Amino acid sequence: MDNTIFELIDKTAQVPENALIFNHASQIWNNDFFFQSLTKKNSSKEVDIMDLNERIKKDFGAIDNFKEHFKNMALGIFGSGWTWLVETEFHILRVVNTYNAGTTLDVTRTQEKDPNNHPMPYNSPFLTSSKNNVLDVGANKPSPPPFIKLALQPSHKSRFNPLLCLNMWEHAYIKDFGIRGKEDYIDGFWDCINWEVVQRRIIQRNSFM
């Protein structure tokens, strides 16, 4: 089979019988993207690229706000997944999660939030909720998860340009940080980011679409 990794993801993302191929192709791409974002550990955790620094401040209010939001999103993953900094089609920076072998390259395989961790209805470009499906359980009781319906769109037409990702699969951190070391692993990530690579991904945003 002579296909690029993008073609494999595109052709198999919505084909259940090809789930194994999709999972492996997506994981290969995710891991390669993750490793390309890394550099040798350095003493500075600051975003040292001025343009990117200003973009983050514009969309998150401050660098520390971005880091806190990214960390909370990563900590919120129950099980295995990936946390991403992405640029939307409207040139806005956002943090999103994908679960298991999910990728930002296909909108049908992206989950902004885990509905099990967000019981109240919310707006999302890919998930829609219906208030009619939320039971009235009283003001003092939490509502159950909303009715979730995937907004299916043509595959490989991602609204996201991925800029940075963190591997949140357990094997990525347990060996070095232990079973309770998830937070330390995330904190250490900031020491090892190659911000020049992240900046180039903004400039070359259409190179992978």
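Residues numbered from 1 in each chain as written. Predicted model: local features only at pLDDT ≥ 70, side-chain atom pairs only at ≥ 80, totals over all residues. Heavy atoms only, no water.

In the nomenclature of an unreviewed UniProt entry, the protein is known as Manganese/iron superoxide dismutase C-terminal domain-containing protein of Rhizophagus irregularis.

Peer 1: Explain the pattern of salt bridges here, please?
Peer 2: Side chains that carry opposite charge are capable of pairing whenever their charged atoms lie near each other. On inspection of all chains with the given rule, the structure shows four salt bridges. With its nearest N and O atoms 3.1 Å apart, the salt bridge here joins aspartate 187 to lysine 71. Taken together, the positions of aspartate 187 in helix 6 (residues 182-189) and lysine 71 in helix 4 (residues 63-75) put the pair 116 residues apart, joining distant regions of the chain. Of the residues examined, aspartate 187 reaches a relative accessible area of 27% and is grouped as partly exposed. (Salt bridge = Lys/Arg side-chain N within 4 Å of Asp/Glu carboxyl O. Helix = DSSP H or I, 4+ residues; strand = E, 2+ residues; numbered from the N terminus. Buried < 20%, exposed > 50% of the residue type's maximum accessible area, 1.4 Å probe, protein only.)

Peer 1: Help me understand helix 1 (residues 5-12) in this model?
Peer 2: Two residues of an α-helix separated by three or four positions point the same way, owing to the 3.6 residues in each turn. What helix 1 keeps buried is the set Leu8, Ile9 and Thr12. All buried residues of helix 1 fall inside an arc of 95 degrees around its axis, so they share one side. Buried residues in helix 1 make contact with helix 2 (19-36). (Arc of directions from axis to C-beta. Contact = heavy atoms within 4.5 Å.)

Peer 1: Looking at this structure, I do not really get the environment of serine 80. What am I missing?
Peer 2: Mapping serine 80 onto the fold places it in the loop between helix 4 and strand 1 (81-88). With relative accessibility at 11%, the residue serine 80 sits in the buried group. For the pair serine 80 and tyrosine 99, spaced 19 residues apart in sequence, the C-alpha separation works out to 6.1 Å. For serine 80, the contacting residues outside a window of four places in its chain are Tyr99, Asn100, Met168, Trp169 and Glu170.

Peer 1: Where do I start with the sheet that holds strand 5 (residues 160-167) in this structure?
Peer 2: By way of backbone hydrogen bonds, the strands of a sheet pair with one another, either parallel or antiparallel. Spatially, three strands are ordered 2-1-5 in an open sheet, and the strand pairing comes out antiparallel. The strands lining the two open edges of the sheet, one partner per strand, are strand 2 (93-99) and strand 5. Each strand axis lies, on average, 30 degrees off the axis of its neighbour in the sheet, ignoring direction. As judged from the seven bridges shared by strand 1 and strand 2, these two strands associate in the antiparallel manner. Across the sheet, residue leucine 85 finds its bridge partner in strand 2, namely valine 95. Helix-sheet contacts for helix 2 involve strand 1 and strand 5, and the interaxial angle to strand 5 is about 80 degrees. Lying over the sheet, helix 4 contacts strand 1, strand 2 and strand 5, oriented at roughly 15 degrees with respect to strand 2. (Pairing = 2+ DSSP bridges. Axes fitted to C-alpha atoms, helices over the stretch in contact; angles between N-to-C directions.)

Peer 1: Hey, could you run me through unusual backbone geometry in this one?
Peer 2: Working note: non-glycine residues mostly have negative phi, and peptide bonds are mostly trans. Phi at histidine 91 is positive, roughly 65 degrees, even though this residue is not glycine. Take histidine 91: it is sitting in the loop between strand 1 and strand 2. Backbone geometry at asparagine 100 places phi at a positive 55 degrees, although glycine is not the residue there. By the secondary structure assignment, asparagine 100 is in the loop between strand 2 and strand 3 (127-128).

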